[in-house]
Amino acid sequence: MKKIIYTLFAVCLLTACQESFEDRCVREAQEFTQKKCPAQINQNTVIDSMTFDKQTLTVNYYYTLSGAADNAMAIQQNNPRENLLKEVKNSTALKGARDHGYNIRYIYRSQANAGMILFEATYTEKDYNK
């Protein structure tokens, strides 16, 4: 019986070790979305989902803005690109993505105008390693 348990344990370890970092990112993004989304970030912001695209090596964050934040002109005046770049550079949650040189993309959509993208930004290794 012990032999069977040790064999199963060894197979599980080997299988887990074979998961690439990209596959792990895909899995963890799916788990995050299933377990935690949608989630209210603040009064006017909801995170809808997170994905990882293995082809482009991009972590994607999808948000919906409502109320006062659901305004493309106001967003542009607040210089969100620089603020998000600071977040990318300082986020411990994104350390693995930064270490692997992955792209990090944010997409903010309007609640009032379904499907309308209010703001989108993609950060590459060149951006966050300056």
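Residues numbered from 1 in each chain as written. Predicted model: local features only at pLDDT ≥ 70, side-chain atom pairs only at ≥ 80, totals over all residues. Heavy atoms only, no water.

**Focus: the confidence of the model for the chain**
Filter applied, for reference: Per residue, pLDDT captures the predictor's confidence, and it can take any value from 0 to 100. By the convention used here, residues are in contact when the closest approach between their heavy atoms is within 4.5 Å.
Per-residue confidence for the chain averages 89 on the pLDDT scale, and 87% of its residues sit at or above 70. In this model, residues 1-14 is a region of pLDDT below 50 whose contacts with residues beyond four sequence positions or in other chains number zero contacts.

**Some details on the packing of aromatic side chains**
The cut-off we apply is this: The aromatic pairing rule takes the rings of Phe, Tyr and Trp, using the six-membered ring of Trp, and pairs them if the centres are within 6.5 Å, calling planes under 30 degrees apart stacked, those over 60 edge-to-face and the rest tilted. Helical segments are the DSSP runs of H or I of at least four residues, strand segments are the runs of E of at least two, and each set is numbered from the N terminus. A simple rule labels every residue: compare its accessible area, found with a 1.4 Å probe on the protein chains alone, to the largest value its type can have, and call it buried under 20%, exposed over 50%, or partly exposed in between.
On inspection of all chains with the given rule, the structure shows seven aromatic pairs. Taking 6.4 Å as the distance between ring centres and 20° as the angle between the ring planes, the aromatic pair formed by tyrosine 63 and tyrosine 106 counts as stacked. With tyrosine 63 in strand β3 (residues 58-65) and tyrosine 106 in strand β4 (residues 103-110), the pair connects residues that are 43 residues apart, well separated along the chain. Residue tyrosine 63 shares its accessibility class with tyrosine 106, and that shared class is buried. With centroids separated by 6.3 Å and ring planes inclined at 45°, the aromatic side chains of tyrosine 108 and phenylalanine 119 adopt a geometry described as tilted. On the criterion of sequence distance, the pair formed by tyrosine 108 in strand β4 and phenylalanine 119 in strand β5 (residues 117-123) is long-range, its members being 11 residues apart. Pair check on accessibility: tyrosine 108 and phenylalanine 119 agree, each one buried.

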